[in-house]
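Summary of the model geometry
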Amino acid sequence: MPTRHEVYEAIDTEREYQDNLPRNEVNRITDSTFSPMTNLAIIEELCARMRSEFYDRAGHPDPAYMRKIAATAVRNMESFGAPKRGT
């Protein structure tokens, strides 16, 4: 099993990938449209694709979906705040 450090490194690679996507091209969402609800819609779409693969691939969806979901949540927190859990 990967360590927490390795997991965060994987999320960081996905965030770098997201940040380097071409912007303002046909069928690309621009950064200015990444509202919390846009990020939630992206996460929901990734969850739907993962769920579909779960059924289509005998319970073995691509684990990259979790990295993409986590990185999208991180992008949202980078833009709109990341409150720490209180005690």
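Residues numbered from 1 in each chain as written. Predicted model: local features only at pLDDT ≥ 70, side-chain atom pairs only at ≥ 80, totals over all residues. Heavy atoms only, no water.

1. What about helix α3 (residues 64–80)?
Here is the rule: Secondary structure elements are taken from DSSP: a helix is a run of H or I of four residues or more, a strand is a run of E of two residues or more, and numbering for both begins at the N terminus. Expected span of a helix: the number of residues minus one, times 1.5 Å. Whether a residue is buried, partly exposed or exposed follows from its accessible area with a 1.4 Å probe, protein chains only, as a fraction of its type maximum: under 20%, in between, or over 50%, in that order. In this context, the arc is that of the directions from the helix axis out to the C-beta atoms. Contacts are assigned to residue pairs with any non-hydrogen atoms lying within 4.5 Å of each other.
The terminal C-alpha atoms of α3, which comprises 17 residues, lie 24 Å apart, in line with the 24 Å expected from a rise of 1.5 Å per residue. Every buried residue belonging to α3 is among A64, Y65, I69, A71, T72, R75 and N76, and all of these are buried. Down the axis, α3 shows its buried residues gathered within 165° of arc, on one side only. In this structure, the buried side of α3 is in contact with α1 (4–19) and α2 (36–56).

2. Considering α2
An α-helix turns once per 3.6 residues; consequently, residues spaced three or four apart project the same way. Taking 1.5 Å of rise per residue, the 21 residues of α2 would be expected to cover 30 Å, and the 30 Å separating its terminal C-alpha atoms lies within 8% of that figure. The inward-facing, buried residues of α2 contact α3. Positive phi appears at A58, one or two residues downstream of α2, with a value of about 55°.

3. What about the nonpolar core?
Put simply, the rule is: Nonpolar cores were defined as sets of buried Ala, Val, Leu, Ile, Met, Phe, Trp, Tyr and Cys residues, with membership established by side-chain atoms within 4.5 Å.
Among the nonpolar cores identified, the biggest contains five residues, and these are I43, L46, M50, Y65 and I69. Those elements that place two or more of their residues in this core are α2 and α3. Once residues lying within four places of it in the same chain are set aside, the contact partners of Y65 are L46, R49, M50 and E53.

4. Focus: the packing of aromatic side chains
Spelled out, the test is: Here is the rule: rings of Phe, Tyr and Trp (six-membered ring for Trp) pair when centre to centre is within 6.5 Å. Planes less than 30 degrees apart are stacked, more than 60 are edge-to-face, and the remainder are tilted. Whether a charge sits over a ring comes down to the Lys NZ or Arg CZ being within 6 Å of the ring centre and within 35 degrees of the ring normal.
Per the stated rule, a full pass over the model turns up one aromatic pair. Geometrically, the ring pair formed by F54 and Y55 is edge-to-face, given 5.3 Å between the ring centres and 85° between the ring planes. In this structure F54 comes out as partly exposed when scored by relative accessible area, which is 40%. In this structure, K68 packs its charged tip against the face of Y65, placed 5.5 Å from the ring centre. It is R75 that lies over the ring of F34; its NZ or CZ is 4.0 Å from the centre.

5. Remarks on unusual backbone geometry
Backbone geometry at A58 places phi at a positive 55°, although glycine is not the residue there. Relative to the elements of secondary structure, A58 occurs in the loop between α2 and α3. Given the relative accessible area of 65%, A58 is considered exposed.

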